[in-house]
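Spelled out, the chains give:
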Amino acid sequence: MSRLKGLKAESSQFTLEGKPFRILGGSIHYFRVPRAYWEDRLLKMKACGLNTLTTYVPWNLHEPERGIFNFQDQLDLKAYVSLAAQMGLWVILRPGPYICAEWDLGGLPSWLLQDKDMQLRTTYPGFVDAVNLYFDKLFSVIKPLMFEEGGPIIALQVENEYGSFARDEKYMPFIKNCLQSRGVNELLLTSDNWEGLRYGGMDGVLKTINLQRLSFGAIQHLADMQPQKPLMVMEYWSGWFDVWGEHHHVFHAEDMLAVVSEILERGVSINLYMFHGGTSFGFMNGAIDFGTYKPQVTSYDYDAPLSEAGDCTTKYQLLRNLFSQYHSEPLPEVPSAQEKRAYSPVFIQQHLSLWDTLHFTDKPHRSERPVNMENLPVNSNSGQSYGYTLYETTITSGGALNSRNNIRDRALVFVDRQCVGSLDYKTHEVALPDGKGQRTLSLLVENCGRVNYGKALDEQRKGIVGDIVLNQSPLRGFTTFCLDMKPSFIKRLTNSGQWKTDLKSPTVPGFFQARLSVDGPPKDTFIRLPGWGKGVVFVNGQNLGRYWFIGPQHFLYLPGPWLRSGQNQIIVFEEQRADDRILFAENPDHGKTIDVYKLPFCTLL
Ligand code: GLA
């Protein structure tokens, strides 16, 4: 099919199909929104007056094991982009391979770290080869969706904020070539924050900027670097993300509106990051580490114009009014809100101790020294990527157990299955009680999420990453169980017939099962677990994510489409402190809030 010209950046204004064009974009990640809701969220995007959808592509989900690809169901990128086209939205694709995004290892598959010399985001051969194989597959899927082929993809981003990493000058040309050699002829762009712009970008690729405030003359800075080119804020941060143990970030709607209005008045194109954040379901959250490791929470609400559950917020209304002025036609009506339900509390009916589930895992691995989770011989030798790993060995004395800071990221410590303490980045030592004869020492180690930003990407191996010593002697002779808690494992648990109904003194860690009976069509709800400590929730086999009593998040979003009319199974994996009930609410409880302006690093914004 012959088509008019695609997106061009040949003067101070973009043109699309030969006519002046302003990008009014918004980010929604298909992998953070249940597929059944893609349409609803995109309709709301269109009704807000946006004309372009932007999305990252998470390599770790699309290639969960080396050479095994998944572009189906929740990961059907082709269907997602096609749906956007049906709604009349253009698409800017951000295929990475590194995407940052508060996503485990910035979207890179953890199996890359099996190579002890790996240098991520460089032209290190082991990285280049893996990128090439993945991009062959990815581009065979998305090539037909390019503008020149009649599809909606008008531009692609080359990597992500490489100016802030800038470790290898050959790397960005390599990624650019990866796209072009696979037949991509659409506009290419890079995105960097104010500081990153110094080292970011490359010839023949449009530079864009990421920001939240217009201080420091950011736009002018971009204009000076790149005269006679269209200006674009690729990530206009509509809110911010949260980490466990701190506050929920908010960015006031009026403050946001003032900046967006000014950006538009100056003729600049914009992409709202996020327009709708959604949820980092399962174990997919990332972490930050600027000296202290801080894992992100499950919710990716982001204080965005559409809430985590897809509801229109004040920001949405204000933006709709603003964007409507940039359209000659009235905007489509806003779809009605999804109903929410506070289901009646359900009681735990069955319990299975963690220790009774170990035979449902893959064959345990025996080794002299501890092996980090990525290098365990599981998942077709791609290793363990996420979740928990249990390391066991035999001890013959008590004394000082010292981690030498080799625990990634938290471990509960057991002697003969009695919990005697925990280890993490702050606590390196636990006193083991004295006892007679041979006893089993167990370390239940949780990967709380790999860092997704910064220089430490190559050091994100998890589990136990070096020697652990007891009274100064390194422990040897480990039996290691992979507890990545994938759907197949949860299914084996469910069918096991070993669940106990005597709940007087259930053992933790353990699995706790309840049934939720739904009358009529299922609705969205928010799970609440007051009285519980820390763990993970599975509903009908879907991993909803982690909860932790320290907050700020005090709920887990349960989308209606993942429930069914009639009986539903809820399994809670609790590490330390179980309750007998699970509650449901109509609204999320994000905990204590803090204005994003108060962040210490706000100079970046
Ligand atoms: C950067 C990254 C995004 C995201 C934001 C913070 O701009 O490019 O992927 O991590 O920071 O939310």
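In case you missed it, the structure is sitting above this.
Please read these numbers as outputs of a predicted model, since none were measured by experiment.

Quick notes on the rules
- Residues numbered from 1 in each chain as written.
- Predicted model: local features only at pLDDT ≥ 70, side-chain atom pairs only at ≥ 80, totals over all residues.
- Heavy atoms only, no water.
- Helix = DSSP H or I, 4+ residues; strand = E, 2+ residues; numbered from the N terminus.
- Expected span 1.5 Å × (residues − 1).
- Buried < 20%, exposed > 50% of the residue type's maximum accessible area, 1.4 Å probe, protein only.
- Contact = heavy atoms within 4.5 Å.
- Pairing = 2+ DSSP bridges.
- Near = heavy atom within 4 Å.
- Polar contact = N/O pair within 3.5 Å; in protein donor to acceptor, adjacent residues only side chain to side chain.
- Areas by Shrake-Rupley, 256 points an atom, 1.4 Å probe, with all protein chains shown as cover.
- Nonpolar A, V, L, I, M, F, W, Y, C, P; charged D, E, K, R; others polar.
- Axes fitted to C-alpha atoms, helices over the stretch in contact; angles between N-to-C directions.
- Parallel < 35°, antiparallel > 145°, perpendicular 65-115°, else oblique.
- Left-handed = near helix turned anticlockwise from the far one by under 90°.
- 1 Å grid on protein atoms, 1.4 Å probe; cavity = no way out; pocket = protein on both sides within 12 Å on 5 of 7 lines; lining within 4 Å.
- Points joined across faces, edges and corners; volume = space filled by probe spheres on them.

1. Looking at helix α7 (residues 253–265)
With 13 residues, α7 ought to run about 18 Å at 1.5 Å a step, and its terminal C-alpha atoms sit 18 Å apart, in line with that. Those residues of α7 not exposed but buried are A253, M256, V259, V260, S261, I263 and L264. Where α7 is buried, its residues contact β3 (24–28), β8 (206–211), β9 (232–237), β11 (269–276) and α8 (314–324). Of the residues flanking the end of α7, it is G267, one or two places downstream, whose phi is positive at about 75°.

2. Overview of the pairing of strand β21 (residues 418–423)
Two elements, strand β20 (residues 410–415) and β21, share five bridges in a ladder whose sense is antiparallel. In the sheet register, A411 faces β21, and the bridge partner there is L423. Remark: two residues form the turn of the hairpin made by β20 and β21, two consecutive strands paired antiparallel; D416 in that turn has positive phi of roughly 45°.

3. Let's talk about the site of the ligand
Residues in close proximity to the ligand total 15 residues, the closest being Y56, A101, E102, E235 and Y302. Between N160 and the ligand, the recorded distance is 2.9 Å, taken from a side-chain N or O atom to an oxygen atom. Protein chains shield 97% of the accessible area of the ligand, which is 300 Å² for the free molecule. Of the residues assigned to the shell around the ligand, the class counts are 10 nonpolar, two polar and three charged.

4. Digging into the sheet that holds strand β30 (residues 534–539)
Spatially, five strands are ordered β15-β28-β33-β30-β31 in an open sheet, and the strand pairing comes out antiparallel. The sheet is open, and its two edges are formed by β15 (350–353) and β31 (542–548), each paired on a single side. Sheet twist, expressed as the average angle between the axes of neighbouring strands with direction ignored, equals 25°. One ladder, built from six bridges, connects β30 with β31; its direction is antiparallel. Within the sheet, the bridge partner assigned to G535 lies in β31 and is Y547.

5. A word on the packing of α7 against α8
Look at α7 against α8: their axes get within 10 Å of each other, and the N-to-C directions meet at 25°. In terms of their interaxial angle, α7 and α8 are classed as roughly parallel. Helix-helix and strand crossings are classified by hand; for α7 and α8 the assignment is right-handed. For the pair α7 and α8, the contacting residues are A253, E254, M256, L257, V260, S261 and L264 in the first and T314, K315, L318, L319, L322 and F323 in the second. Its residues assigned to classes, the contact of α7 with α8 comprises nine nonpolar, two polar and two charged.

6. Comments concerning empty space enclosed by the protein
For the structure on display, the rule yields four cavities of 30 Å³ or more. Roughly 70 Å³ of volume is contained in the largest cavity. Every residue lining the largest cavity is listed: W240, F241, D242, H248, V297, S299, Y300, D301, Y302, Q553 and H590. Here the residues of the lining of the largest cavity are counted per class, giving five nonpolar, four polar and two charged.

7. Some points on the layout of surface pockets
In this model, the largest pocket occupies a volume close to 990 Å³. Lining of the largest pocket is provided by 29 residues; of these, L61, G282, M284, P487 and N543 occupy positions nearest its centre. When residues of the lining of the largest pocket are traced back to their parent elements, those giving at least two are α2 (59–62) and β31. Among the residues making up the lining of the largest pocket, the classes are represented as 13 nonpolar, 12 polar and four charged. Size it by volume and the second largest pocket reaches roughly 430 Å³.

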